[in-house]
Every structure is written in C-alpha cells, then in structure tokens.
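Structural characterization, general
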Amino acid sequence: MNAAILGRDGRAAFLDRHLAQKDWWIFPSRNANIRRVRAQADRLLADIESEGLSEFDVNTNGASPAVQRIWNEISVLYGTHMPWSPAGRIGIATPGGGGFLSGDEVVCAIECEAAKEDNRRKLGTDADERHLCVYVDYLGYPAHSVMLAGLLPSQEPDLPPEVTHLWVICDFGEGPEYIVWSFARGGQWKNHGTFIESASPDA
C-alpha cells in the first residue's frame, strides 16, 4: 500500500484537485484501493465541503451522507483541510498504526529523543537555557502527520534536567519549507508557523 501511495520515486502521495475548493489530507483504510482513491477523492471531498465540513471522521460524522459516500466508495476514514505548498492538491496519507491523530504523539517522540544519553551529555552544562532541536521527517508517523495537521500538544513533555527548551521541526510541502514548534519548561507549546529555507544568511 505504501508503494501504491508513494510511487516509485516516493513523492506521488498527491493528486491535483479540481472540484474541491480546499486542499485536503486524507487517510484511507488499509483495505482501500488507491487507484480508486486517486480517481474519486476530488469529487467526494467536494461533496463533503458542500456540507460545510472542513474535517471528517467516519466514526463521528457517520450521519453525514457525503462522509458515508467517501467511506463506502473509496474507504477513506478521515480527512482534514491542509494548506499544501504548492496549493491545489490532495495528500494521501500512508498507513500507520491506526487510531486518532493526537498531539501526544509528538510528545512521545520528543521524550524519546530528549532521554538519549548523547543529547543529555551535549546539553549537560550550567547555561541558563539549554535548547534541544528535534527534526521529524516524513517517515516519522504519526508525529509528522500530527504536525502537518497543526495539533499542538496539550501536555508538557517529561524532560530530563539537561533540557530547558525544545524546538521541533518537520518538512512541509515539496520545497525547502518547514513547520516549527517550540516548548519552554514551565510554559506552553507554540506553533511558529511555516518557514522557507534560504541560501542567504540575512533572510
């Protein structure tokens, strides 16, 4: 299924939209036929938009006729508006461990990295601020998908004493663009938005 979604070059997880008014990120079930998803998703998402929905889940929006159709016809479980770069596309998620996306998945991924001995050793100084930056790539499901969906965690990560500040970065779109989140001990998670990599030091 991964091969059907990603294609030979690993970058085929998008299709152009013509009927849907917004970009989408959709999550097919493991039994979905990806060819049918590519052929029919645009039309079915346009129907969902006509009902005023910007996201859907077959488990909670089952009474919606349009949500029922996208499930019955192409076995898509979940979808949400996602401002892709470049715009005008529908992204197809690869299968993960199942369940709902949650900011807690990012917290779990960060706690794992923060606890590693090499990271603790490098930050084991007497400086007032000790920043750890974690990069989440496309293979880091579900944390990567959580960041794309903008689902900031509601809980504080359990950090070792060597870490006072966190920066979390993930790819966004096809160009050198990145979503950046941060957390300071005793504070709250912040979404700093999307940044474009520049070759110029002043940019």
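Notes on the structure follow. The structure presented is a predicted model; accordingly, all values stated were derived computationally and were not measured.

Thresholds applied
Residues numbered from 1 in each chain as written. Predicted model: local features only at pLDDT ≥ 70, side-chain atom pairs only at ≥ 80, totals over all residues. Heavy atoms only, no water. Helix = DSSP H or I, 4+ residues; strand = E, 2+ residues; numbered from the N terminus. Buried < 20%, exposed > 50% of the residue type's maximum accessible area, 1.4 Å probe, protein only. Contact = heavy atoms within 4.5 Å. Areas by Shrake-Rupley, 256 points an atom, 1.4 Å probe, with all protein chains shown as cover. Arc of directions from axis to C-beta. Pairing = 2+ DSSP bridges. Axes fitted to C-alpha atoms, helices over the stretch in contact; angles between N-to-C directions.

**Notes on the overall build of the protein**
Along its length, the protein carries six helices and nine strands. Across its three principal directions, the C-alpha atoms of the protein cover 60 × 40 × 30 Å. Split into buried and exposed, the 203 residues of the protein put 41% on the buried side. Long-range contacts, defined here as pairs at least 24 residues apart, represent 67% of the contacts in the protein between residues at least 6 apart. Looking at the protein as shown, the accessible area adds up to about 11,000 Å², and 50% of this sits on carbon and sulfur atoms.

**Thoughts on helix α3 (residues 65-74)**
Within α3 the residues assigned to the buried category are A66, V67, I70 and I74. Down the axis of α3, the buried set is contained in an arc of 105 degrees. They therefore lie on one face. Residues of α3 that are buried in the fold lie against α2 (34-50), β3 (55-57) and β4 (76-81). Of the residues flanking the end of α3, it is S75, one or two places downstream, whose phi is positive at about 55 degrees.

**Here's the deal with the sheet that holds strand β1 (residues 14-16)**
Pairing in this open sheet of five strands is mixed, and the strands run β1-β5-β2-β4-β3 from one edge to the other. Two strands bound the open sheet, and with one partner strand each, they are β1 and β3. On average, each strand axis in the sheet is tilted by 20 degrees relative to the strand beside it, whichever way the strands run. Pairing geometry for strand β2 (residues 24-28) and strand β5 (residues 89-92), over three bridges, is parallel. For W24, the partnering residue across the bridge sits in β5 and is I90. Contacting β3 and β4, α3 crosses the sheet at an angle of about 130 degrees to β4.

**A closer look at the environment of E113**
Residue position: E113 is located in helix α4 (residues 104-114). A relative accessible area of 25% places E113 in the partly exposed class. Between the C-alpha atom of E113 and that of L132, which follows or precedes it by 19 residues, the distance is 9.1 Å. Discounting residues that sit within four places of it in the chain, E113 has contacts with N119, L132 and V134.

**Notes on the environment of E105**
In this structure, E105 sits in helix α4. Between the alpha carbons of E105 and A39 there is a distance of 31 Å; along the sequence they are 66 residues apart. E105 has contacts with P142, A143 and V146, leaving out every residue within four places of it along the chain.

**Quick look at the pairing of strand β7 (residues 165-171)**
With five of seven residues buried, β7 lies mostly within the body of the structure. Examined bridge by bridge, strand β6 (residues 131-136) and β7 share six bridges and lie parallel to one another. Counterpart to L132 in the pairing with β7 is L166. For β7 and strand β8 (residues 177-184), the ladder comprises seven bridges, and the chain directions are antiparallel.

These figures come from the coordinates and say nothing about function on their own.
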